[in-house]
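Here is what each chain is made of, one letter per residue.
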Protein chains: 4
Amino acid sequence: MPIISGEDFIRRIGAMKPTIWLNGQKVKERLPDHPEFNGILNSQRLLYDIQNKPELKDIMTFQSETTGDIIGTSYLIPRNKEDLVKRRHMIQTWAKETGGLMGRSPDYMNTALTAFASSAHLLEGKEGCFPERLQAFYENARQRDLSFTHTFINPQNNRSTLAYLDENTLNARIVDRTSEGIMVRGAKLLATQGGITDELLVFSTPSTRDISEAYMFSIPTDTKGLSFVCRQSFLTSQSSYNSPLASRLEEMDSIIIFDSVVVPWERVFIYDNPYAVSDLYRDSAFIPLNLHQAVSRQIIKLELLIGVAESLVRSLAIAEYHHVQEKIASMIKGLRTAQALLFYAEEKGEEQDGVYLPHRDTLYMAVNLFQEHYPKYTEMVQHLGASGMISIPSEEDFQSQMGNDLRYYLQANSLNGEERVALFRLAWELTMSSFGTRQTQFERFFFGDPVRVTQTIYQTYSFEEEMELVKKFLRDEEQ
Amino acid sequence: MPIISGEDFIRRIGAMKPTIWLNGQKVKERLPDHPEFNGILNSQRLLYDIQNKPELKDIMTFQSETTGDIIGTSYLIPRNKEDLVKRRHMIQTWAKETGGLMGRSPDYMNTALTAFASSAHLLEGKEGCFPERLQAFYENARQRDLSFTHTFINPQNNRSTLAYLDENTLNARIVDRTSEGIMVRGAKLLATQGGITDELLVFSTPSTRDISEAYMFSIPTDTKGLSFVCRQSFLTSQSSYNSPLASRLEEMDSIIIFDSVVVPWERVFIYDNPYAVSDLYRDSAFIPLNLHQAVSRQIIKLELLIGVAESLVRSLAIAEYHHVQEKIASMIKGLRTAQALLFYAEEKGEEQDGVYLPHRDTLYMAVNLFQEHYPKYTEMVQHLGASGMISIPSEEDFQSQMGNDLRYYLQANSLNGEERVALFRLAWELTMSSFGTRQTQFERFFFGDPVRVTQTIYQTYSFEEEMELVKKFLRDEEQ
Amino acid sequence: MPIISGEDFIRRIGAMKPTIWLNGQKVKERLPDHPEFNGILNSQRLLYDIQNKPELKDIMTFQSETTGDIIGTSYLIPRNKEDLVKRRHMIQTWAKETGGLMGRSPDYMNTALTAFASSAHLLEGKEGCFPERLQAFYENARQRDLSFTHTFINPQNNRSTLAYLDENTLNARIVDRTSEGIMVRGAKLLATQGGITDELLVFSTPSTRDISEAYMFSIPTDTKGLSFVCRQSFLTSQSSYNSPLASRLEEMDSIIIFDSVVVPWERVFIYDNPYAVSDLYRDSAFIPLNLHQAVSRQIIKLELLIGVAESLVRSLAIAEYHHVQEKIASMIKGLRTAQALLFYAEEKGEEQDGVYLPHRDTLYMAVNLFQEHYPKYTEMVQHLGASGMISIPSEEDFQSQMGNDLRYYLQANSLNGEERVALFRLAWELTMSSFGTRQTQFERFFFGDPVRVTQTIYQTYSFEEEMELVKKFLRDEEQ
Amino acid sequence: MPIISGEDFIRRIGAMKPTIWLNGQKVKERLPDHPEFNGILNSQRLLYDIQNKPELKDIMTFQSETTGDIIGTSYLIPRNKEDLVKRRHMIQTWAKETGGLMGRSPDYMNTALTAFASSAHLLEGKEGCFPERLQAFYENARQRDLSFTHTFINPQNNRSTLAYLDENTLNARIVDRTSEGIMVRGAKLLATQGGITDELLVFSTPSTRDISEAYMFSIPTDTKGLSFVCRQSFLTSQSSYNSPLASRLEEMDSIIIFDSVVVPWERVFIYDNPYAVSDLYRDSAFIPLNLHQAVSRQIIKLELLIGVAESLVRSLAIAEYHHVQEKIASMIKGLRTAQALLFYAEEKGEEQDGVYLPHRDTLYMAVNLFQEHYPKYTEMVQHLGASGMISIPSEEDFQSQMGNDLRYYLQANSLNGEERVALFRLAWELTMSSFGTRQTQFERFFFGDPVRVTQTIYQTYSFEEEMELVKKFLRDEEQ
């Protein structure tokens, strides 16, 4: 049966030999045994197991129309609204397992690949484009239930409006085309879970003007010449008391360096064609389907944040204060807004070349609002927690000779000190720890700099109905 | 045919003799001929005419299940989602005629009466309550297509938390109960369109604790002892060039003074029962249906505001600036949010005692967001218009000897000076004139002080799902 | 004695025959008798009388070092910090009379002329520049205690970054240079008090690149060919009860049209030299001294606003609510900030070519903060006043048969209805009337679009100390 | 010579044997050798050395009027404005060494003790008060140049308005009074640098109503029965490249548990007198002088933050974008505001019982503005840094085989990858690391919950001048 189990996943990742650098050391251990990666890989394992639960079968899987195999819903091309709703249920079922905190749960990239493949026809007849390879690759991936990460951000070295005039040689680019394939050299940034998935999908920034930077391909994580350099780890404790989130969900981000990596032709979907890249990005199912995945996940994350906030309020007995009510009410309104926008986007979706797509503009707005809201809400949690966000002894303290004193002196309304510190540690880790602020930064820039997202929203809006209403009051109509 | 025409309406209002004080003078003219009231009454007339348009029949009317008569949709008790959607179409059809700026278009109070009547069973068997009179009154009102205003706000003289300890004698209250009916003395505030509708529906503030202030009744506008004292008028010109909005939509607000007004028993629905009043307010269809009306209308108002904003942007050729894009994008997001929340509330509605009600909490959030958004957006329009919001000569200037100079020197991108000033006058009147700021204040406090609305949202929220998610990360689950 | 009395002022203005268009009519009355202008001219009269009060002599006047005459302090070139402080006292003494609401009280433009004259040396030896005429003009103006308005804003027809490529022919520009002087044709915007002062000082926008738009000159208000076209008036009542502010302080703004106006050479200070114009603007005492005037005045305006806000709070007995405390506290902090910045700017001022100038950057920040703060604070007042900002009957109502009822029913804590409505009318007029919103718009754009002011603040800041501190943490210093 | 050197300090702290619990272990090492504490103790050492620099003698020290000894300026009771300014120079000289990030640099508590001692007369003749002991203690402390921390916050277990009704037994309180002294049992929160200073000054929360919780005393850090339980450490690397801030400035916060601690009488300044405690808090020099210290320090911290922000801007070449300009301009305005308020407070200070105190209200406003500003500004830095705040490899990576690649691929405008990552790590550590967010939380709640500080500002303001201005416009003055 094509969908894999958690154990299958761990076995497959454990067999890979990617080049990962962490703290100046090349990782030598089997990844599932490595203290840095075992938490996140275990959480991935649990997701794959959920896919196999019989009672969730209708949500998490579908039967392949071609092979009859049972495939994960994250690989489902939605043909109608029901498919889209099924996808949402799948996304949120997984997200509940991770509190919406795993940005690269398998559904994210599976959705991306599915979306690109469902739009492969856009590449037909274009130079340097191989739509049939893309489709075959997708078929293969879903049959094997492969896991992916991706990278498309270029090194951030000059962000001025004239930067394109630079002879910029840092970005990963094609340096040779041979009978074997294309050869790639340079760097890409910020591959979350870089090195710990089966595959790495690589594509250009949609705005590239340079032929040698215009490509789309996928390679196994342990391809020769490919190195992943990890950022500082935000995992500070393996204890799920001390670190209920990072101990399970520190995904790691890495810089990717392509040292003359050869990509075989059957894995090249586009090359040397900037227009094809930007057309595919703009016109394919990628944006609507991946925004749909993101917003579905963000809703769960926001629910967790609200749950934490309200738990603080109850533990401190501060529900009567207006400024407290206002903060939580803001968060609730933000949540309901996201839910309603998602719902609206699904209902107002439409079919395009056989794929039922959610309403793109609405999802852009949802994700843009989340960019504003999430950081604001995490700040509210900091306000609510106040000094309790700093008084955070550890599991070891509660197990020490001082344990009873701490349990007594740190009690709250209905919680003993150990329970109460567990709650405050969760709130702290979610909003103030290095792990939590990276989550905030991740959402703040999700799907692009908010300045750009805002611009897109403005520039693609029609204003037709609005202008019509204005006319009514500019004409002096005698009726 | 029960639904009336605009002419019918004007004739009926013209025949009334209410006591209205304006600028220290008792109004003596027939209302439709009075310079202060003819603009708004004419706009009401147009609304009634729309109700009669054959092509809008399916939206604007329904057939009475009892009499077979054609009744206005604003009197329709929604029995299912389709009825609710039909109501929205009716509301927005009317709102498009007024740019959403007429707070007391007939549908507002018709909806209120319809909602109360549909919940009349809540009054059954309670002391001082007459559910059958309420229902009969509703039947009669819809057959005659009556127009209403209402009042329930008490004089604003002490807002401290201890105010209820005052022997407060300003509020309108029952001072006698006789065989004829109840006698009412005192004041109520802020009846919009007070004096220019057929009827005045009066009910207590839901939080009243005082028996003599607990009532609900309706009386004709020209009832003996009833006086309407108008605030300063915000109508400064009858010219639709100078004043495209106020010349048509200045509704007037008035203070109502009850000088021993006798309300006959058949018009008394509740008296001397504070619990009945607050139960009806809280549990009837009133809040969900009137919020549904309000949000439907506000959406059109916001569309007009956005249309005006974008028109300014185009006239000044400033679409390229990020801060401009950000402002308009904010407004668009606010609009889509309102649309999605309304849609969600309709879809997630549920039947209650035979009435299909939209999702109340969601509509509360929508109206609360609008309280924040609308004032913010009007301020953005002021930013966009800049000095152009002050350089506003009048129609008379364009007709004078200076007209050609002004047409030339005040030109914008594609507009001559006269057209451009028309646009800026509209923007100014909507956001900066006394008429416009009253509109902003109206929305800011619509359905209650935002502080209270926020509190309600917080206090009625369940947090169940959110708390569930938190638990996941507080238990140290070995999996 | 050179300083004039209020009566002198009224007599002089009354004798002028400027061309003013109001509502499509050419003004024919003597200005001090005209219902539109007598309120503001009377307020100006009071300011001139204050200048003559013996007890204020030390603040309001100084003795000319050349003629020995008594001159108004607004014409004082500050030679040291004490002079600057004296100027502030003069400005605030006048501002207290007007609540800081008269943007063009005589000190504003007198300060401007004084500043330009004190920097006349900057024009020396430059083409098209006549520093000696500027200085002589200043000497003459202060001896005669002339009053001024000015204009420099061009018609607002295209604000895109490429607008300068337009052959823009709307702006007032020099169309001929003859033995008599220069001839000017075109339009300028937004002369506040345009037409009702002795003189009109005209200069180019500092960024002009066009020779024919580069000039600086002054002409009498009733110069041939000069027309002032007024915007819609915001004066709705001459009653100081109904309209405590506009009845005294509606200054009017006007569009100025130059129809081949000849400016005699002795009144031309700069022509055909864009560099001289922008150098004088940027490097003269104009910016520091006029910002000093503005911030001094704004402080008084803010005090009035705070006084009104706190009066509302007391009348409604709402001081106990946190959101009320927060609003007023914000306003107080804004006030103290402005006071401290002004004080700091005076103390950190420095002499430049014999003139003691306040610290320019600090004043730019103060004025930029006021651009943000003032609109925000007026909105807070609207929040505090709530429905009371709409229930505003007029003086005539209190004088009518309903007067006693209104006095009774509209009472507040310690005020009868008439007193309480007086307070709420003041709050309304200051923040919500057409007069009030124009005041808000005026402050929001005072000294330029906030976007530009912000840019200037950023671009002229040194960052030296700040960068020094950073270095400390980038070097790995072994100490 | 009384002022000590860094070496003296280290020796003295090294000789103490306090009971400190860290991660469930009792600290056994000599503190200056402990990896957790050596960074912060070394930074303290540097501060004491600065005090000894001959060229800083005039700023950092003064001569005792009684003993003739050279004393640290942090112990100086200001007798006039010059003393106050000298104190500011001392504070900022030290703050520059720490970037303003050391909340408990010696001047903070030295100022507190100095302030209390200078107001000892307030305790005279009051029950349970020993002003002469307080003064003697101060004399002794300054002669020995002791270092302090303090604690006064109670465990945060119930924050409702009715919490005082609880029989709350968690707070540290007097459980016995014997001939030896008072015996204290219970907990206090959040002693920053708890355990690593010479002394611990303890006082009640000013609002206590309970006699047994009303006290003020000081005890040596290694007093019997006293335990410090550390929160989780935020020190993740001793490398000043990886962790330029925490490696030097992680101060640690601890929970203090009093297990029947006996405080000898000569160290008890107040006991059993809640009124004396709250009077001393409210009326002594403590608030003005410690706010003066805080604001002086915060200014340096803000300068560092601005330096970091502008460095990011330059490294990314984004100075041309309006939203970037706006962010930095906000920060500059906040800085100048703080500087001006501090300056104003010093200038408007006044003598009180022989002590020259800065203007208290103004400093309250400054610190309250900083509570709002600092978190907002750190968020701006996160925006500016964008994805660069996540791509942060470590020193070890640059020293590894990948070093050259990273230096190349992570380069910015004028920085190689190693330099650029150093900058971004600094920005990240300051605003996003667990260390940085604790700094933000510290400032957000400095001198109390912003809700309370706001309330104090409102409730202690006079409004006299403001109400005077209002009257002008409420009277209908005929002039």
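Residues numbered from 1 in each chain as written. Chains lettered and ligands numbered in written order. Predicted model: local features only at pLDDT ≥ 70, side-chain atom pairs only at ≥ 80, totals over all residues.

Student: I'd like to hear about the interface of chain D and chain A, residue by residue, with values.
Tutor: Interface size, as often reported, equals the accessible area lost upon joining of the parts. Counting from both sides, the interface comprises 61 residues of chain D and, opposite them, 61 residues of chain A. Elements supplying a minimum of two residues to the side of chain D that touches chain A: β7 (181-192), β10 (226-230), β11 (253-264), α11 (360-385), α12 (395-399), α13 (403-409) and α15 (434-444) of chain D. Looking at the side of chain D that touches chain A element by element, the count peaks at four residues for α15 of chain D. Grouping the constituent residues of the side of chain D that touches chain A by class yields 27 nonpolar, 24 polar and ten charged. (Contact = placed C-beta atoms within 7 Å. Helix = DSSP H or I, 4+ residues; strand = E, 2+ residues; numbered from the N terminus. Nonpolar A, V, L, I, M, F, W, Y, C, P; charged D, E, K, R; others polar.)

Student: Describe in detail the packing of helix α16 (residues 450-459) of chain A against helix α10 (residues 322-347) of chain B, supporting the description with residues and values.
Tutor: Packing of α16 of chain A against α10 of chain B leaves a shortest axis separation of 8 Å and a crossing angle of 65°. In terms of orientation, α16 of chain A and α10 of chain B fall into the roughly perpendicular class. You can see that α16 of chain A and α10 of chain B cross each other, and the crossing is left-handed. Facing V451, T454, Q455, I457 and Y458 of chain A of α16 of chain A, the residues of α10 of chain B in contact are H322, Q325, E326, I328, A329 and I332 of chain B. Taken together, the residues of the contact of α16 of chain A with α10 of chain B sort by class into six nonpolar, four polar and one charged. (Axes fitted to C-alpha atoms, helices over the stretch in contact; angles between N-to-C directions. Parallel < 35°, antiparallel > 145°, perpendicular 65-115°, else oblique. Left-handed = near helix turned anticlockwise from the far one by under 90°.)

Student: A description of the environment of F9 of chain D should follow, citing residues and the corresponding values.
Tutor: Residue and element names in this part refer to chain D. By secondary structure assignment, the location of F9 is in helix α1 (residues 6-15). Note on F9: 24 C-beta atoms within 10 Å, which makes it buried. Separated by 205 residues in sequence, F9 and A214 have C-alpha atoms that sit 32 Å apart. With residues near it in sequence (within four places) discarded, F9 still touches I4, Q44, R45, Y48 and S147. (Buried ≥ 20, exposed ≤ 12 C-beta atoms within 10 Å, placed from the backbone.)

Student: Hey, could you go over the relation of the copies chain A and chain B for me, with residue numbers and the actual values?
Tutor: Its rotation angle being 180°, the transformation that places chain A on chain B also includes 0.0 Å of axial translation and leaves an RMSD of 0.0 Å. These values place the two chain copies in the arrangement generated by a two-fold rotation axis. In terms of C-alpha distance to the rotation axis, chain A has A340 of chain A as its closest residue, with the C-alpha 2.6 Å off the axis. When you check the interface residues of chain A against chain B, 100% turn up at the interface there too, and the contact is symmetric in its surfaces. (Least-squares fit on C-alpha atoms with pLDDT ≥ 70 in both.)

Student: Which residues make up the environment of K96 of chain A, and what are the values?
Tutor: Within the element layout of this structure, K96 of chain A appears in helix α4 (residues 81-98). Owing to 18 C-beta atoms within 10 Å, K96 of chain A belongs among the partly exposed residues under this scheme.

Student: I'd like a rundown of unusual backbone geometry, residues and numbers included.
Tutor: Positioned with a positive phi, Q193 of chain A is a non-glycine residue whose angle comes to about 60°. By secondary structure assignment, the location of Q193 of chain A is in the loop between β7 (181-192) and β8 (199-203). Phi angles above zero are rare outside glycine, and D145 of chain B is one such case at about 55°. Turning to its location among the elements, D145 of chain B is positioned in the loop between α6 (131-144) and β5 (148-151).

Student: Which residues make up the nonpolar core, and what are the values?
Tutor: Residues A309 of chain A, A309 of chain B, A309 of chain C together with A309 of chain D are the most contacted members of the largest nonpolar core, which totals 655 residues. The contact partners of A309 of chain C, leaving out residues within four places of it in the chain, are I328, M331, M380, V381 and L384 of chain C. (Core = buried A, V, L, I, M, F, W, Y, C linked by C-beta atoms within 7 Å.)

Student: Provide a residue-level description of the interface of chain A and chain B, including the pertinent values.
Tutor: Listed as interface residues are 52 residues of chain A and, on the opposing side, 52 residues of chain B. Of all the secondary structure elements, the ones that give two or more residues to the side of chain A that touches chain B are α9 (286-316), α10 (322-347), α11 (360-385), α14 (417-431), α16 and α17 (464-474) of chain A. The element best represented in the side of chain A that touches chain B is α10 of chain A, accounting for 14 residues.

Student: An account of the UniProt feature "domain: HpaB/PvcC/4-BUDH C-terminal" (unreviewed entry) in chain A is requested, with residue identities and associated values reported.
Tutor: As recorded in UniProt, the sites labelled "domain: HpaB/PvcC/4-BUDH C-terminal" (unreviewed entry) are residues 278-474 of chain A. Segment residues 278-474 of chain A splits into 75% helix and 3% strand. End C-alpha atoms: 41 Å apart. (UniProt positions renumbered as here; feature names shortened; annotations may be inferred.)

Student: Got a sec to walk through the relation of the copies chain D and chain A? Specific residues and values, please.
Tutor: At an RMSD of 0.0 Å, chain D and chain A line up after a rotation of 180° and a shift of 0.0 Å along the axis. Of all interface residues in chain D, 100% are interface residues in chain A too; the two copies therefore contact each other through one and the same surface.

Student: Describe in detail the packing of α11 of chain A against α14 of chain A, supporting the description with residues and values.
Tutor: All names here are of chain A. Where α11 meets α14, the axes come as close as 9 Å, and the angle between the chain directions of the two elements is 145°. Relative to α14, α11 is oriented so that their crossing is left-handed. Here T378, V381, Q382 and G385 of α11 lie close against α14, whose contacting residues are F424, A427 and T431. Partitioning the contact of α11 with α14 into residue classes produces three nonpolar, four polar and no charged.

Student: How would you sum up helix α17 (residues 464-474) of chain C? Please name residues and give values.
Tutor: The set of residues buried in α17 of chain C consists of E466, L469, V470 and F473 of chain C. Viewed along the axis of α17 of chain C, the buried residues span an arc of 100°, placing them on a single side of the element. Of the exposed residues in α17 of chain C, the ones pointing more than 90 degrees away from its buried face are E464 and K471 of chain C. Along its buried surface, α17 of chain C packs onto α4 (81-98), α9 (286-316) and α14 (417-431) of chain D. (Arc of directions from axis to C-beta.)

Student: I'd like a description of the domain arrangement of chain A, backed by residues and values.
Tutor: Residues and elements named next belong to chain A. As far as domains go, chain A holds domain 1 (6-280) and domain 2 (285-468). Placing a centre on the C-alpha atoms of domain 1 and another on those of domain 2 gives a separation of 25 Å. With 36 residues of domain 1 in contact, the opposing surface of domain 2 contributes 31 residues. The set of elements that each furnish at least two residues to the side of domain 1 that touches domain 2 consists of α4 and α5 (106-118). With ten residues, the single largest contributor to the side of domain 1 that touches domain 2 is α4. Its residues assigned to classes, the side of domain 1 that touches domain 2 comprises 16 nonpolar, twelve polar and eight charged. (Domains from an automatic or database assignment.)

Student: Lay out α16 of chain A in plain terms, naming residues and giving numbers.
Tutor: Working note: α-helix, 3.6 residues per turn, so residues spaced by three or four point in the same direction. Of the positions making up α16 of chain A, those classed as buried are P450, V453, T454, I457 and Y458 of chain A. Buried residues of α16 of chain A, viewed axially, fall in a sector of 135°; they line one side. Against the buried residues of α16 of chain A lie α11 and α15 (434-444) of chain A together with α10 of chain B.

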